[in-house]
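Breakdown of the fold
Take a look at the letters that make up each chain.
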Amino acid sequence: MNAMLDIDLIRNEPERVKKAIASKNTDSKLVDDFLWFDAKWRAITNRLDGLRARQKQLSMERKIDIAKQNKEVIKGVEEELKVVEVKRDEFWMRIPNIPSDDTPIGKDEIENKVIRVVGKPKKFDFKPKDHLELGEALGLIDVETAAKVSGTRFAYLKGAAAQLEFALVHYALATLTNPNVMRSAAEGVKSGYSGKPFVPVVPPVLIRPEVMRRMGRLEPKEERYHIPSDDLYLVGSAEHTLGPLHMDQTILEKDLPIRYVGFSTSFRREAGSYGKDTRGIFRVHQFDKVEMESFTLPEHSITEQDFFVGVQEYLMWSLELPYRVIICSTGDQGDPDARHLDLETWFPSEGIYRETHSADLMTDYQSRRLNTKVRRVDGKTEFAHMNDGTVFAVGRTIAAILENYQTKEGEVEIPKVLQKYVGKKIIS
RNA sequence: GGAGGGAUGGCUGAGUGGUUGAAGGCACCGGUCUUGAAAACCGGAGUGUGGGAAACUGCACCGUGAGUUCGAAUCUCACUCCCUCCGCCA
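One structure accompanies this document, and this report is about it.

Observations concerning the protein's contact with RNA strand B
- The immediate surroundings of RNA strand B are formed by 21 residues, with Arg 11, Arg 42, Asp 49, Lys 68 and Arg 208 found nearest.
- Considering the 4 Å shell around the protein, atoms of RNA strand B inside it are sugar or phosphate in 77% of instances.
- The contact in question runs from a phosphate oxygen of RNA strand B to an N or O atom on the side chain of Arg 42, over 2.7 Å.
- In the model, a base nitrogen of RNA strand B is placed 3.1 Å from a nitrogen or oxygen of the Ser 59 main chain.
- Of all elements in the fold, only helix H3 (29-60), helix H4 (64-94) and strand S14 (372-375) reach the threshold of two or more residues within the surface near RNA strand B.
- Examining the composition of the surface near RNA strand B, we find that nine residues originate from one element, H3, more than from any other.

Okay, structure coming up:
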């Protein structure tokens, strides 16, 4: 049973692992606990292997009476091993991924670093309204009825807002499947890098617990919606069901990179965010999202992540929304992340940049448990590297468009690139 | 929901209690031949894990988990998934 972080790395460079996980606010004692049980595991395994070899020999020689006795000894040692193994794996699973070299060390989001700022926030000669005020006035967003029907943190998107949703999805798919655009996005990151277009996917939104666990996304459980009658979880992102597309598979090197762009609804309980962003559709239990997921060779995975960010930036730049790119500090990364970048978009009503996109590099942390491998040209196999990233969190993007494109009259212009999909230039 | 069939290596496909970690084919790697390639022929090669500096070597793995047996891919039970047919359904 594979766990997540490379076991050789923990065994051979425990101090490096300890230092790395401490920077992610994880108790480095985990490593010692793991190593202690691992040493026991190895000793017992050795003893057991010897006993089994003897059992084979005895049974080949038909020494049945001695074999019967030996078998009893084996049973006892097997029990012993099982107990130690469960304990060892428990610690193993809890060791997070190692941050990349360029990840800033820091306790929390305060230490995230701004990499670049693109686009100038528009100066309004009036006080800009927030997205809910605009949305309600224009008949685009209805949270009151949604609250009666479904509860808080739900919303109806109506009229032009519903059209904007499909416009964004359509635009995203058209862009990510366009070889020319993808080629130039790849060139912008690194000369000669693959600009292979994305394969569009509509993935399932229900997922089995076991697969969720292998994705490293089951925890925190209280954030997930669970359907007890069938023991299934609702996905919190298309990533959850795109990532396992190649589980228990060996991909040929020549077929990489494999890139998917998925559209799905995302479900989040938002436990632990009580009282935060309660206004409007910025943080809701159910929203639609277009998501990228890719499988690459290990040596390409950082470039792939930069490519993902390049795609995100192209889209936001073409929508003419001001944004900035940040790299999350060690303390703000998720456990499976090696490198985590966010794209934050300008929200005029609040006068701040707010997270609308993320791009996560998981290296081989997920693929090890998913058992997704690459067979290299020389025949050797190793774990593929995985990346995921937001294309559009549709609700938040609509909110950003409403706020950034509002006029003094309380109307909202439609971004140029979306006009052909919506069929109009202004929402009034 | 009901009835039946199935799950074996990167893929395909043999194998129904004792050197079977597993025939054959495809794909892959090395070589012969060729101006080069293809074809043909010869050879190599499963995965994980433990020990070892290495050569090498122990063990585990035939959907998953239990069980029977001195010995299990092969027998028993449970579960999961896939396929076919019937029913229901957008």
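Continuing now.
As for the layout of surface pockets
- When its volume is computed, the second largest pocket comes out at roughly 540 Å³.
- Lining the second largest pocket are 22 residues; nearest its centre among them are Arg 16, Ile 98, Pro 99, Ser 100 and Asp 101.
- Those elements that place two or more of their residues in the lining of the second largest pocket are helix H2 (14-22), helix H11 (301-318) and strand S13 (352-363).
- It is H2 that provides the largest number of residues to the lining of the second largest pocket, a total of three residues.
- The class makeup of the residues in the lining of the second largest pocket is nine nonpolar, seven polar and six charged.
- Each of domain 1 (7-94) and domain 2 (109-427) accounts for three or more of the residues forming the lining of the second largest pocket.

Describing the sheet that holds S14
- A sheet is described by the order of its strands in space; here three strands give the open sequence S8-S14-S15, paired in mixed fashion. Edge positions in the sheet fall to strand S8 (249-252) and strand S15 (381-383), since each of these pairs with one other strand and no more. Along the sheet, successive strands turn relative to each other by an average axial angle of 35 degrees, direction set aside.

Here's the deal with H4
- Helix length check: H4 (31 residues) gives 44 Å between terminal C-alpha atoms against 45 Å at 1.5 Å per residue, within 8%.
- By the burial criterion, the buried members of H4 are Ala 67, Asn 70, Ile 74, Val 77, Leu 81, Val 84, Arg 88, Asp 89, Phe 91 and Trp 92.
- On its buried side, H4 packs onto helix H1 (7-12) and H3.

Focus: the pattern of salt bridges
- Inspection of every chain in the model, using the stated rule, returns 33 salt bridges.
- Among the ionic pairs, Glu 90 bridges to Lys 87, the shortest N-O distance being 3.9 Å. Of this pair, Glu 90 and Lys 87 both sit in helix H4, three residues apart, roughly one helical turn.
- By relative accessible area, which is 35% here, Lys 87 ends up partly exposed.
- Arg 368 is the salt-bridge partner of Asp 364, the closest N and O atoms lying 2.8 Å from each other.
- With a relative accessible area of 6%, Arg 368 lands in the buried category.
- A cluster of three or more residues bridged by salt bridges with shared partners is formed by Arg 11, Asp 38, Arg 42, Arg 88 and Asp 89.

Some words on helix H13 (residues 394-404)
- The buried fraction of H13 is high, at 11 of 11 residues.
- Along H13, the positions that sit buried rather than exposed are Val 394, Gly 395, Arg 396, Thr 397, Ile 398, Ala 399, Ala 400, Ile 401, Leu 402, Glu 403 and Asn 404.

Description of the sheet that holds strand S16 (residues 385-393)
- With mixed pairing, eight strands are arranged side by side in an open sheet as S1-S11-S12-S13-S16-S10-S9-S4. Lying at the two open borders of the sheet, with one neighbouring strand each, are strand S1 (113-118) and strand S4 (199-201). For this sheet, the mean inter-axis angle between neighbouring strands, taken without regard to orientation, is 25 degrees.
- Pairing analysis gives four bridges linking S13 to S16, with the strands arranged antiparallel. What sits directly across from Leu 361, in S16, is Asn 387.

Things to note about the environment of Phe 124
- Residue position: Phe 124 is located in the loop between S1 and helix H5 (131-137).
- Take Phe 124: its relative accessible area is 19%, and that puts it in the buried class.
- The contact partners of Phe 124, leaving out residues within four places of it in the chain, are Pro 348, Glu 403, Asn 404 and Gln 406.

Concerning the packing of aromatic side chains
- Within this structure, the stated rule accounts for 13 aromatic pairs.
- Considering the side-chain rings of Tyr 260 and Phe 295, the 6.4 Å spacing of their centres and the 85 degrees angle between planes classify their relative orientation as edge-to-face. Residue Tyr 260 is found in strand S9 (residues 258-267), and its partner Phe 295 is found in strand S10 (residues 286-296); the two are separated by 35 residues along the sequence.
- Looking at Phe 295, the relative accessible area reads 0%, which means it is buried.
- Each residue in the set Tyr 193, Phe 198, Phe 307 and Phe 308 is aromatic and connected to the rest through ring pairs, giving one cluster.
- When the ring centre of Phe 282 is taken as reference, the NZ or CZ atom of Arg 354 above it lies at 4.0 Å.

Observations regarding the side chain of Ser 266
- You can see Ser 266 is positioned in strand S9.
- Taking the relative accessible area as the measure of exposure, Ser 266 reaches 0% and is therefore buried.
- A distance of 3.5 Å separates a polar side-chain atom of Ser 266 from the backbone oxygen of Gly 236.
- Once residues within four sequence positions are removed from consideration, Ser 266 is found in contact with Val 235, Gly 236, Ser 237, Ala 238, His 285, Gln 286, Phe 287 and Lys 289.

Focus on unusual backbone geometry
- A cis amide bond links Leu 256 to the next residue, Pro 257, at an omega of -5 degrees.
- For Pro 257, the location among the structural elements is in the loop between S8 and S9.
- Within the chain, Arg 153 stands out as a residue other than glycine whose phi angle is a positive 60 degrees.
- Relative to the assigned elements, Arg 153 resides in the loop between helix H6 (143-149) and strand S3 (156-157).
- Positive phi, normally seen in glycine, also occurs at Asn 371, with a value near 60 degrees.

The rules we used
- Residues numbered from 1 in each chain as written.
- Chains lettered and ligands numbered in written order.
- Predicted model: local features only at pLDDT ≥ 70, side-chain atom pairs only at ≥ 80, totals over all residues.
- Heavy atoms only, no water.
- Near = heavy atom within 4 Å.
- Polar contact = N/O pair within 3.5 Å; in protein donor to acceptor, adjacent residues only side chain to side chain.
- Helix = DSSP H or I, 4+ residues; strand = E, 2+ residues; numbered from the N terminus.
- 1 Å grid on protein atoms, 1.4 Å probe; cavity = no way out; pocket = protein on both sides within 12 Å on 5 of 7 lines; lining within 4 Å.
- Points joined across faces, edges and corners; volume = space filled by probe spheres on them.
- Nonpolar A, V, L, I, M, F, W, Y, C, P; charged D, E, K, R; others polar.
- Domains from an automatic or database assignment.
- Pairing = 2+ DSSP bridges.
- Axes fitted to C-alpha atoms, helices over the stretch in contact; angles between N-to-C directions.
- Expected span 1.5 Å × (residues − 1).
- Buried < 20%, exposed > 50% of the residue type's maximum accessible area, 1.4 Å probe, protein only.
- Contact = heavy atoms within 4.5 Å.
- Salt bridge = Lys/Arg side-chain N within 4 Å of Asp/Glu carboxyl O.
- Phe/Tyr/Trp six-rings, centres within 6.5 Å; stacked < 30°, edge-to-face > 60°.
- Lys NZ or Arg CZ within 6 Å of the ring centre and 35° of its normal.

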